[in-house]
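Secondary and tertiary structure notes
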Amino acid sequence: MLPLRQVWPDEFAARYRAAGYWRGETFPGFLRARAAERPDAPAIIAGDRRWTYAGLWARAEAAAAGFLAIGLRPGDRVVVQLGNIPEFFAVVFGLFRARMVPVYALPGHRLTEITHFLRKSEAAAYVCADRGADGFDYRVLARQARESEARLRHVIVVGEAEEFTPFAGLDGDRGALPGDPDPSAVAFLQISGGTTGLSKLIPRTHDDYIYSFRASNEICGVSPDSAFLVALPAAHNFPMSSPGHMGALYAGARVVLSPSPSPDVAFPIIAREGVTITGLVPPLALLWAQSAPASKHDLSSLKVLLVGGAKLTPEAARRVQDSLPACRLQQVFGMAEGLVNYTRLDDPDPIVLETQGRPISPDDEVLILDDLGNPVPEGEPGNLLTRGPYTIRAYHNDETANARSFTPDGYYRTGDIVCRTPQGYLVVQGRAGDHINRAGEKISAEEIEDHLLAHPNVFDAAVVSVPDEYLGERSCAFIIPRGEKPRAVALKAWMRTRNIAEFKVPDQVVLVESFETTAAGKISRKELRARLRARLLAEEAER
Ligand code: OOB
């Protein structure tokens, strides 16, 4: 099994420790401490289910002992695919407690993605629910995964387990539990937005990740009296750590789970639980802005609304801020690889509405470079590169991606094009890579093109992003047919049989006779996508 590592050079590690960013805390360590300090305080709330800090810790220890009892070992990786249910927390803290490593899949992922995570992480187990909030039966997926992945030794199911191991029955000898992990060890694997090809695995350490949400708590005003609403999927980095449910648990605050981010589900929960803070992607924030003024639910407890994951335009930001006057909008521009920027709660309106914030840490190093690697003049757009106390230095098990995504001196190439204001705030202008940011879900053009090319009537395919009023961006697949022309609906239906997440199915399909070539011959994929996109936009503008 490949070792899990995330290593900063010694002089950087020493600096981050000396500055007090890395304090030697661990996930099981901080939860045990909170459970001792405030055993009866509510930790997790989901509908009528309420777990106290002591209850959550006891469940995590039972799960940890149970994982060991069925034969899993410290260091094992475990793909976790759970929605916004309390068991998510019992499972992941159980894994942390047993020194195992969660690999965070999203509820929308299907067999293709899950198999990729299982393989890439060399996982020994997969944890899922019997069914998702949308009714999807994960046991069917588990059966298929087990067939193709010999290494997968255990499938653990929350709910009706059928032939698999029921999570509810897990328990074991607490005396067999190991001591707390090394704070500089990898705590979990997060997944990348997948800008090129398949998602990469992001190893985050206890030290680095805990710093990112502890500092976020301060920036977002999270205290023990806060109640954080998890409206986006709990496994996504944004609701996990900005400041997220992990920030809330670190603070001893309440984590309130919503099965859906839609206003009709989330608003009554906000009113009932006195939610004080939450995070949304821009399309949802706009939906909330539309519904809030006429809502019969009392939303006055909500003090901070974080919006990020995709660009929030100044006009949209204004609408969101105006619709919730008692609540402060906070823009957040972050990435699962590390760097997170926030507008600050006391920033004046123009900064909050027009920028995507500034970095968390004084030691976040930010470079804005032209395509040749030279710094751009102040205020000009360029490629954003970064390194710092919670930005990874390498992906797991992916030398090709590492060579492409990191500079020799350890900067991560974010792929984003940004400008920096004189006060150090970043304004996102776009991105260099070919991915589609569909309402915060990142889709790799290359990955979808690969699927399309497997269709017998597709000669060639190019996938591009097009601006979309609601989603921010949607995906459009240009297809050169071969033989019988495939119909758009049929092609989309066929894509669904590829067992991929629904958000990756192209929103639009355009058949063309050929792709452009230049006098010099074939043009690059990147150039081709850019031209096709421009052509589509020009045609749409004419209509
Ligand atoms: C968050 O994380 P990822 O890993 O799903 O996606 C990161 C990418 C960024 O590189 C950027 O391209 C885009 O998402 N992005 C934004 C943005 N926030 C993220 N683009 C424009 N404006 C923003 N405010 O999406 C994520 C992780 C932690 C906190 C927030 C978002």
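Source: prediction; values computed, not measured. (Residues numbered from 1 in each chain as written. Predicted model: local features only at pLDDT ≥ 70, side-chain atom pairs only at ≥ 80, totals over all residues. Heavy atoms only, no water.)

Across its full length, the protein chain holds 17 helices and 25 strands. Taken along its principal axes, the extent of the C-alpha atoms in the protein chain is 70 × 55 × 55 Å. In the protein chain, which comprises 543 residues, the share counted as buried stands at 59%. Contacts in the protein chain between residues far apart in sequence, at least 24 positions, make up 69% of those at least 6 positions apart. Taking the average place of the 61 positive charges on the side chains of the protein chain and the average place of its 67 negative ones, the gap between the two points comes to 2 Å. (Helix = DSSP H or I, 4+ residues; strand = E, 2+ residues; numbered from the N terminus. Buried < 20%, exposed > 50% of the residue type's maximum accessible area, 1.4 Å probe, protein only. Contact = heavy atoms within 4.5 Å. Lys, Arg positive; Asp, Glu negative; His and termini not counted. Charge placed at Lys NZ, Arg CZ, Asp CG, Glu CD.)

The subject of this paragraph is the site of the ligand. With respect to spatial proximity, 18 residues lie near the ligand, and among them Gly 309, Val 332, Ala 336, Asp 416 and Lys 442 are the closest. A distance of 3.2 Å separates an oxygen atom of the ligand from a polar side-chain atom of His 236. Contacts to the ligand include Lys 442, whose side-chain N or O atom sits 2.9 Å from an oxygen atom. Against a free-state accessible area of 600 Å², the protein chains account for coverage of 94% of the ligand. Going through the elements one at a time, α8 (237-241) and β14 (328-335) are the ones with two or more residues in the shell around the ligand. (Near = heavy atom within 4 Å. Polar contact = N/O pair within 3.5 Å; in protein donor to acceptor, adjacent residues only side chain to side chain. Areas by Shrake-Rupley, 256 points an atom, 1.4 Å probe, with all protein chains shown as cover.)

Before going further, it helps to examine unusual backbone geometry. A positive phi angle, close to 60°, is found at Arg 99, a residue other than glycine. Note that Arg 99 resides in the loop between α4 (87-97) and β4 (101-104). In this structure Arg 99 comes out as partly exposed when scored by relative accessible area, which is 36%. For Glu 162, which is not glycine, the phi torsion reads 50° and is therefore positive. By the secondary structure assignment, Glu 162 is in the loop between β6 (154-158) and β7 (165-166). Glu 162 gets classed as partly exposed once you look at its relative accessible area, which sits at 44%.

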